[in-house]
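Listed below, chain by chain, are the residues.
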Amino acid sequence: RPAPKPTQASSLRIVLYLIMAELEARGITVRDVASAEFIAAYAAHLKNSDKFELPKWTDVVKTGTHKELAPYDPDWYYIRAAAIARKIYLQPGLGVGALQRKFGGSRNRGTRTFTFQKAASGIIRNIVKQLEEIKVVEISEKGGRTISRVGQQDLDRIAGQVAGGAGDDKSDSDSDEE
């Protein structure tokens, strides 16, 4: 049986599909990207940036009273900063107290039941202040923090790179096998 000839309608569908795919690629936001991939990419961006400084005490501080030890990853501060920026992007108006609850966890009290403990506020406050200095976050009139226009453009650009990079990896791996 011979293959059917493409009709004008089918070729029109293909052209529309390609146009929609191109338009969709331009409008990628933080919501459209997996959280772990975005946080890793934005943490790498913050680490490479000269504006975001790592405090001296990051190697000895715990992230909350419910933790026994300091984080093992030497880049944990950048990862936490990227996660905080993402949380504020997704939920404008979050303050330090709300972020403490978001990053809190269960405290092991021995034989007694586990209870919820907030994260360390000093770390979160320091990160938010640094994000304000590099103009990613700004103080909201209603209270809390919101993403600034510059910050939103920055975060969306990195989200677009993450989304675009995910598609490029698949096509690169196919070409390597051939």
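It should be emphasised that the depicted structure is a prediction, and the values quoted were computed from it without experimental measurement. (Residues numbered from 1 in each chain as written. Predicted model: local features only at pLDDT ≥ 70, side-chain atom pairs only at ≥ 80, totals over all residues. Heavy atoms only, no water.)

Colleague: Teacher, can you tell me more about the overall build of the protein chain here?
Modeller: If you tally the helices and strands in the protein chain, you get six helices and four strands. Walking the protein chain from its N terminus toward its C terminus, one meets helices and strands in the order α-α-α-α-β-β-α-β-β-α. Burial statistics for the protein chain: of 178 residues in total, 32% are counted as buried. With the model as given, the accessible surface of the protein chain reaches about 12000 Å², and the carbon-plus-sulfur share is 52%. (Helix = DSSP H or I, 4+ residues; strand = E, 2+ residues; numbered from the N terminus. Buried < 20%, exposed > 50% of the residue type's maximum accessible area, 1.4 Å probe, protein only. Areas by Shrake-Rupley, 256 points an atom, 1.4 Å probe, with all protein chains shown as cover.)

Colleague: Would you mind showing me how to read the pattern of salt bridges here?
Modeller: If the charged atoms of two oppositely charged side chains come close together, the side chains can form a pair. Per the stated rule, a full pass over the model turns up three salt bridges. Note that glutamate 132 and arginine 145 form a salt bridge whose closest N and O atoms lie 2.3 Å from each other. Within this pair, whereas glutamate 132 is found in helix α5 (residues 121-133), its partner arginine 145 is found in strand β4 (residues 145-147), the two being separated by 13 residues in sequence. A residue is classified by how much of its surface remains accessible, and glutamate 132, at 21% relative accessible area, is partly exposed. Arginine 145 gets classed as buried once you look at its relative accessible area, which sits at 13%. Residue arginine 157 pairs with aspartate 154 through a salt bridge whose shortest N-O separation is 2.4 Å. Residue arginine 157 and its partner aspartate 154 are both found in helix α6 (residues 149-177); the two are separated by three residues, about one turn of the helix. Of the residues examined, aspartate 154 reaches a relative accessible area of 16% and is grouped as buried. (Salt bridge = Lys/Arg side-chain N within 4 Å of Asp/Glu carboxyl O.)

Colleague: Can you help me understand unusual backbone geometry in this one?
Modeller: Peptide bonds are mostly trans, and most non-glycine residues show a negative phi. A positive phi is found at lysine 135, a non-glycine position, where the angle reads about 65°. Among the secondary structure elements, lysine 135 is positioned in the loop between α5 and β3 (137-139).

Colleague: Quick question: what am I supposed to make of the side chain of histidine 66 here?
Modeller: Take histidine 66: it is sitting in the loop between α2 (35-48) and α3 (76-90). For histidine 66, a relative accessible area of 13% corresponds to the buried category. One polar contact links the side chain of histidine 66 to the main-chain amide nitrogen of glycine 105, over a distance of 3.5 Å. Residue contacts for histidine 66: discarding those within four places in its chain leaves Phe103, Gly104, Gly105, Ser106, Arg107, Gln117, Lys118 and Ala119. (Polar contact = N/O pair within 3.5 Å; in protein donor to acceptor, adjacent residues only side chain to side chain. Contact = heavy atoms within 4.5 Å.)

Colleague: Please clarify how the packing of aromatic side chains should be interpreted in this entry.
Modeller: Centre-to-centre distance and the angle between the planes together describe a pair of aromatic rings. Scanning all chains against the criterion turns up five aromatic pairs. Summarising the aromatic geometry, the rings of phenylalanine 38 and tyrosine 42 are spaced 5.9 Å apart at their centres and angled 5° between planes, so their arrangement reads as stacked. Here the residue phenylalanine 38 and the residue tyrosine 42 both occupy positions in helix α2, the gap between them amounting to four residues, near one helical turn. The buried category is assigned to phenylalanine 38, whose relative accessible area is 0%. Arranged with centres 6.0 Å apart and planes meeting at 40°, the rings of phenylalanine 52 and tyrosine 77 form a pair that is tilted. Of this pair, phenylalanine 52 sits in the loop between α2 and α3 while tyrosine 77 sits in helix α3, and the two are 25 residues apart along the sequence. Given the relative accessible area of 0%, tyrosine 77 is considered buried. (Phe/Tyr/Trp six-rings, centres within 6.5 Å; stacked < 30°, edge-to-face > 60°.)

Colleague: Got a minute to help me understand the nonpolar core in this structure?
Modeller: Considering soluble globular proteins, one finds that nonpolar side chains tend to be buried as a cluster. Counting 38 residues, the largest nonpolar core has Phe38, Tyr42, Phe52, Ile84, Leu99, Ile124 and Leu131 as its most contacted members. For this core, the secondary-structure elements that each account for two or more residues are α2, α3, α4 (96-102), α5 and α6. Per element, the largest residue contribution to this core is ten residues, and it comes from α3. If we ignore the near neighbours within four places in the chain, the residues touching leucine 99 are Ile84, Lys87, Ile88, Leu94, Ile124 and Val128. (Core = buried A, V, L, I, M, F, W, Y, C linked by side-chain atoms within 4.5 Å.)

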